[in-house]
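Listed here are the chains, written in short residue letters.
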Amino acid sequence: QVQLVESGGGLVQAGGSLRLSCAASGRTFSTYAMKWFRQAPGKEREFVAAISWSGGSTAYADSVKGRFTISRDNAKNTVYLQMNSLKPEDTAVYYCAASPTMVATTSQYDYWGQGTQVTVSS
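So, a few notes on the structure that sits alongside this text. Within every chain, residues take consecutive numbers counted from 1 along the sequence as written. Totals for whole chains, interfaces and linings use every residue, but because this is a predicted model, local features are given only for residues with pLDDT of at least 70 and side-chain atom pairs only at 80 or more, for both listing and counting. To get the side-chain values, take all heavy atoms of the structure and skip hydrogens and water.

Let's talk about the nonpolar core
Heads up, the rule is: The term nonpolar core refers to a set of buried residues drawn from Ala, Val, Leu, Ile, Met, Phe, Trp, Tyr and Cys, joined through side-chain atoms within 4.5 Å. Using a 1.4 Å probe on the protein chains alone, a residue whose accessible area is under 20% of its type maximum counts as buried, one over 50% counts as exposed, and one in between counts as partly exposed. Put simply, DSSP marks the helices as runs of H or I at least four residues long and the strands as runs of E at least two long, and each gets a number from the N terminus on.
Formed by 32 residues in total, the largest nonpolar core has its most connected members in Met34, Trp36, Leu81, Met83 and Tyr94. Counting only elements with at least two residues in this core, the list comes to β3 (18–25), β4 (33–39), β5 (46–51), β7 (68–73), β8 (78–83), β9 (92–99) and β11 (116–121). Sorting elements by how many residues they give to this core places β5 first, with 5 residues.

This is how it looks when you write it as structure tokens:
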């Protein structure tokens, strides 16, 4: 069992930056791949980024590639999402997930946080 708590969301102007954090409880954090998803109003939840259990592999949605960076600190049981050059279309609730795999889809085996709101003004 893994419990996840996201933080770091907020309101930022276009072109600005935010860093999201996702703190995990449980001693098995380092055995999970970690992912970020987002969901805008009226839209389906979409994949943003993933990182392997070791941090050695990462994957990104095309829409955020080159602007967002996912990282993790297994000693702190925390995964991060550094978001730069933010655009109004990045506005969404951002969720982190602990998953057995890095595939860019949700799974019945994923654990989810409650989400943090990111709003980018134009």
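Some details on the side chain of Asp110
Applied cut-off: What qualifies as a polar contact is a pair of N or O atoms within 3.5 Å, subject to a donor-acceptor requirement within protein and to the restriction that residues adjacent in sequence count only when both atoms come from side chains. Residues are treated as being in contact if the distance between any of their heavy atoms lies within 4.5 Å.
With respect to the helices and strands, the residue Asp110 is situated in the loop between β9 and β10 (111–112). A polar contact of 2.7 Å, which involves the side chain of Asp110, links it to the side chain of Ser99. Reaching out from Asp110, the side chain makes a polar contact with the backbone nitrogen of Ser107 at a distance of 2.9 Å. Not counting the four nearest positions on each side in its chain, Asp110 is found in contact with Lys35, Ala98, Ser99, Pro100 and Thr105.

Comments concerning the sheet that holds β3
Quick reminder of the rule: Any two strands between which DSSP finds at least two bridges are classified as paired. Axes, fitted as lines to C-alpha atoms, cover a helix only where it is in contact. Angles between the N-to-C directions of the axes lie from 0 to 180 degrees.
Spatial strand order, β1-β3-β8-β7: 4 strands in an open sheet with antiparallel pairing. Of all the strands in the sheet, just β1 (3–7) and β7 have a single pairing partner and so form its edges. If you compare each strand with its neighbour and ignore which way they point, the axes differ by 15 degrees on average. Where β7 lies against β8, 6 bridges are found, and the strand directions are antiparallel. The residue of β8 that forms the bridge with Thr69 is Gln82.

Purely geometric stuff here, so don't read any function into it on its own.
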